[in-house]
Each structure stands twice: as structure tokens, then as C-alpha cells.
Amino acid sequence: EIEHQNPSLAEFSGFRGTACPADPSACSLPLFSLVDLLMVPGLGPPCDTRVLGRRWAMGLIRCGSSDVLMRGFPPALPFLLPAGGILGALFNSLNYWLTMFRIRYIHRPCLQVLEAMLVGAVTAAVGFVMIYSSQDCQPLQGNRVTYPLQLFCADGEYNSMATAFFNTPEKSVVSLFHDPPGTYNPMTLGMFTLVYFFLACWTYGLTVSAGVFIPSLLIGAAWGRLFGISLSYITSGWIWADPGKYALMGAAAQLGGIVRMTLSLTVIMMEATGNVTYGFPIMLVLMTAKIVGDYFVEGLYDMHIQLQSVPFLHWEAPVTSHSLTAREVMSTPVTCLRRVEKVGTIVDILSDTSSNHNGFPVVESVPDGSQTSALRGLILRSQLIVLLKHKVFVER
């Protein structure tokens, strides 16, 4: 067995595979989307998919089959596909109503600081209560846990719940990806997923420097690994695939269901894991999560763009705008300025709250004696303020 040596985006790499015994240049392909097609028995040479070389640890595939991947994902993947979209839609809906509450009632800086302190205190309290009530103690001997914590466990054992909570989210994701089967108890993963889901939903939107990328990966990795462990119970101990692979699919599904990223997230996840053979399953999971999630609510970023009233031009115009004209959306009467205008008139217009416009049309009377005026240009409110501030006018 050989292992990837290259540093990855999130240090998630470490998935192992067997090197192709043939010449690397003889069966290499630059297209990851053909991996699973080439891995179907009978469609390719009998050599395993593998990344070529240490210098180029990503981007090239070897044709062949991967027994663990093909035996584990196809029978169970259909049940895993819609879960990311449904949980992502639930996360976005809860965060939407929470953000609406913050906009209405928690708008003062002192209240925002108090809310951040409350979230930190509740998170710490809930974490210690769950660690204290957890009975998932694993032996230290022969275990590859980076930061084992003995909290409330006997000598020579560590607490899995404490390891999941007290590690950094990145380390916890790596642990859920690569720890061998039997490392986590299903009850521990279930409680951790439920509590961390609501804590992450509550945390996103605070007036602190925080994000949703790694927490979403951690939530998905937890319930994905729980899904893989549940398969072993359902099938009476016959494990269809390593639970770490289901953790990878769950992490991609959860993040895709929340932020609705597809192709870019597929590339990020492949770079993070350091194994291109998971490109097609990850893309399938992300596309399904986006379709299912869009059926219920919008993506988290699009939702917050609207809540914060950020001017954002979408790719397509609204359906109702095709039959609208400019006259229907303009206010009347139009506040106009002449080419030569009195300073007092300009000050009155700028001070009038009913005409709080950003720009004003500059017009000039038509010499034919009619009541119509000809448009000569547009001047902005900011330009008028600068002219008045610097007294750029002539006294008469």
C-alpha cells in the first residue's frame, strides 16, 4: 500500500489504494468523470485506480476497479443522496428565522456581544454535559486518535465524545474520515450530530468571525459515518464499505445542501481527500443535494444576501419584469433640476425626505413654447453635496 504525501486543502488526505502494477503511463486518464465507468468489471484492465506519482498527486487516474468503493456505494448510495438536501434545507430554514429575529431585536452592539457570549457559554455547557453523560470509552492501545481525552473514563481509555468536541473541527473531520470501524458508538454519533447541528445553526450569523464550511463538513461526516455503521447492523455485521467513505459522502452532501455548490465543491473535496476516484460519487451526491434543497428553500448565501438587502443582480430577470415598462416603476411627479438652478432650490430638494432619490434628471425647456422639457443629463445626490460643500456656485 502507498499513501499520498502531498499537503491538501483541509488536510483530509489519507485514503489508501493499491498501486497499478503496470506502467503508469499506459493506463492513465485525465478525466475523473470516467472513473466509475472504467471501474465496472469487464470494462477496463485489471488494475486499481490510483493517483500517479508523488509530484502529481491529483488529476490523473488509472483505469480499473476498486472493490471496496463499488461494493459499498451503489447499493446504499440512493438512500444517502436526498439526506443532504433535506438536512441542508432544514438548516437554512432555521437560520433564516433566527436571522430575522436578530435583525428585529438584536441590532444593538451590546446585545450582539451578549448573544455571542451566551452562545459560547451554552456551547461549552452542552459539550461538558454530553461528555459527562457519554459512556463511549475506547481503549488507547492500537488507536490512532490524535488527541485522546480520558475525561470520565478509566485508565487506558479515552472518551470518543470528548475527542469529537474538544478537537478542532478539521481534526474531527479527519478522524471521522479515517478512523477504523468500531471507533465511534452509534449513539455517540447520533447525539453529536443532533447537538452540533443546532449549535452550528445558532452560531452562523453572529457578529463574530465565523463560517459554515468546516462545521457543515463535520455535521455531514458524523451522520454519514452513522449511516455507514447502521448498515453493518442492518446487514448483521457485513460491512458494505468503510464507514469513513460514507462520512466523506455525508460531508459533501451536507455542505452541498446548505451552500448549493456543485462543481467547485467537487473539486475542493477531491483535492481535500487526495483521491480522485471519489469524483463521480461526490458529484452525484452534490447534484442531488442541490436539486432536493432547491425544492424547499434557497441556498444559505443567497438567503443572507436578501436578508441583508445587498444589491445583487441575478443571472435571469424576474418573471414579472418582462411585461413592465420604466413608466410603471418610476415615481411621479418627477423631481427635476434645470441647467441653471438656485442654491436654495437644490438645498430644499436634498433636504426633502419624500424625494430621497440618488439622482436627479437635468432638463431644459424646449424653445418651441410647449410645456415639455428636454433631458440634458443626470446629476447624482453625492455630486450636488460636493458642489455645495465646496461652494461651487455663482452669487447673483
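Every value quoted in this text rests on a predicted model; they were computed, and no experiment measured them. All residue numbers here refer to positions counted from 1 along the written sequence of the relevant chain. A pLDDT threshold of at least 70 governs which residues receive local features in this predicted model, and a stricter bar of 80 or more applies before side-chain atom pairs are shown or counted, although totals over entire chains, interfaces and linings include all residues. Note that the side-chain values use all heavy atoms of the structure and ignore hydrogens as well as water.

(A) Quick peek at the layout of surface pockets. Points on a 1 Å grid over protein atoms alone make up a cavity when a 1.4 Å probe fits among them but cannot get out, and a pocket when they form an open set with protein on both sides within 12 Å along at least five of seven lines; lining residues each have an atom within 4 Å of a point. Grid points are joined across faces, edges and corners, and a volume is the space filled by probe spheres set on the points. Looking at the second largest pocket, its volume works out to about 530 Å³. In this text, helices come from DSSP runs of H or I with a minimum length of four residues, and strands from runs of E with a minimum of two, each type numbered from the N-terminal end. Among the elements of the structure, strand E5 (337-338), helix H13 (343-351) and helix H14 (381-389) are those that each provide at least two residues to the lining of the second largest pocket. In terms of residue count, H14 provides more of the lining of the second largest pocket than any other element does, three residues in total.

(B) Examining the environment of Val343 more closely. Residue placement: Val343 occurs in helix H13. On a C-alpha basis, the gap between Val343 and Glu395 in space is 9.4 Å, while along the polypeptide they are 52 residues apart. Should any heavy atoms of two residues lie within 4.5 Å, those residues are counted as being in contact. Setting aside anything within four residues of it in sequence, one finds Val343 in contact with Leu388 and Phe393.

(C) Focus on the pairing of strand E6 (residues 359-365). For E5 and E6, the ladder comprises two bridges, and the chain directions are parallel. Within E6, the residue paired with Leu337 across the bridge is Val362. DSSP bridges decide pairing: two strands pair if at least two such bridges lie between them.

(D) Representation of the state of the cysteines in the model. Two cysteine sulfurs form a disulfide in these notes if their separation is within 2.5 Å. Per the counting criterion, the structure on display carries one disulfide. The disulfide partner of Cys137 is Cys153, and the S-S distance across this bridge is 2.0 Å. Negative torsions about the S-S bond denote left-handed disulfides, and the value of about -80° found for Cys137 with Cys153 makes this one left-handed. Note that Cys137 is positioned in strand E3 (residues 137-139) and Cys153 in the loop between E3 and strand E4 (157-159), a separation of 16 residues in sequence. In this structure Cys153 comes out as buried when scored by relative accessible area, which is 12%. Only protein chains enter the accessibility calculation, which uses a 1.4 Å probe; a residue is then buried when its area is under 20% of its type maximum, exposed when over 50%, and partly exposed in between.

(E) Representation of helix H8 (residues 243-259) within the structure. Multiplying 1.5 Å by the helix residue count minus one yields the expected span of that helix. The end-to-end C-alpha distance of H8 is 24 Å, a good match for the 24 Å that 17 residues give at a rise of 1.5 Å each. Where burial is concerned, most of H8 is hidden: 17 out of the 17 residues are buried. Phi turns positive, to about 60°, at Arg260, one or two residues after H8.

(F) Summary view of the pattern of salt bridges. Salt bridge, as applied in this entry: a Lys or Arg side-chain nitrogen positioned within 4 Å of an Asp or Glu carboxyl oxygen. Here the structure, examined in full by the defined rule, presents six salt bridges. Between Asp294 and Lys290 there is a salt bridge, and its shortest N-O distance comes to 3.1 Å. With a gap of four residues between them, Asp294 and Lys290 both fall in helix H10 (residues 279-296), about one helical turn apart. As a salt-bridge pair, Glu364 and Arg339 come within 3.4 Å of each other at their nearest N and O atoms. Within this pair, whereas Glu364 is found in strand E6, its partner Arg339 is found in the loop between E5 and H13, the two being separated by 25 residues in sequence. The exposure class assigned to Glu364 is partly exposed, which follows from its relative accessible area of 29%.

(G) Region of the structure containing the side chain of Gln254. Tracing the chain through its elements places Gln254 in helix H8. The class of Gln254 is buried, set by a relative accessible area of 0%. Ignoring sequence-local partners within four residues, the contact set of Gln254 consists of Gly84, Leu87, Gly88, Phe197, Ser216, Ile219, Gly220 and Trp223.

(H) Molecular detail of helix H9 (residues 263-273). When we look at burial in H9, the residues that qualify are Leu265, Thr266, Met269, Met270, Ala272 and Thr273. Buried positions in H9, seen along its axis, are confined to an arc of 160° and lie on one side of it. The elements touched by buried residues of H9 are helix H7 (213-234), H8 and H10. The first or second residue beyond H9 is Gly274, which carries a positive phi of 75°. The directions from the helix axis to the C-beta atoms form the arc being described.

(I) Spotlight on the sheet that holds E5. Pairing is mixed across the open sheet formed by three strands, whose spatial order is E5-E6-E7. Only two strands of the sheet have a single neighbouring strand rather than two, namely E5 and strand E7 (373-380). To obtain each axis, a line is fitted to C-alpha atoms, and for helices this fit is confined to the stretch in contact; angles are then taken between N-to-C directions over 0 to 180 degrees. Against the sheet, H14 touches E5, E6 and E7, its axis set at about 75° to E7.

(J) Spotlight on a nonpolar patch on the surface. Residues enter a patch when their relative accessible area is above 30% and they make no salt bridge; the linking distance is 9 Å between like charges and 5 Å between nonpolar side chains (Val, Leu, Ile, Met, Phe, Trp, Tyr). We get accessible surface area from the Shrake-Rupley algorithm with a probe of 1.4 Å; when it comes to residues, only the shown protein chains can shield them. Together, Phe128, Tyr132, Leu151, Phe152 and Phe166 give the surface a local cluster of nonpolar side chains, amounting to about 540 Å² of exposed area. With respect to the helices and strands, the residue Leu151 is situated in the loop between E3 and E4. With relative accessibility at 32%, the residue Leu151 sits in the partly exposed group.

(K) Main features of the environment of Glu115. Summarising the element assignment, Glu115 is placed in helix H3 (residues 109-133). Spatially, the C-alpha atom of Glu115 lies 8.9 Å from that of Thr207, the residues being 92 residues apart in sequence. The residues contacting Glu115, other than those within four sequence positions of it, are Arg102, Ile106, Trp202 and Leu206.

(L) Structural context of the packing of aromatic side chains. When two rings of Phe, Tyr or Trp (its six-membered ring) have centres within 6.5 Å they constitute a pair, described as stacked for plane angles under 30 degrees, edge-to-face for angles over 60, and tilted for the intermediate range. According to the stated counting rule, one finds ten aromatic pairs in the structure shown. Considering the side-chain rings of Phe101 and Tyr105, the 5.1 Å spacing of their centres and the 45° angle between planes classify their relative orientation as tilted. Of this pair, Phe101 and Tyr105 are both found in helix H2 (residues 67-105), four residues apart, which corresponds to roughly one turn of the helix. For Phe101, a relative accessible area of 43% gives the class partly exposed. Taken together, a centroid distance of 5.8 Å and an interplanar angle of 55° make the contact between Phe227 and Tyr246 tilted. One end of the pair, Phe227, is in helix H7; the other, Tyr246, is in helix H8, and 19 residues separate them in sequence. Comparing Phe227 with Tyr246 shows no difference in burial state: the two are buried.

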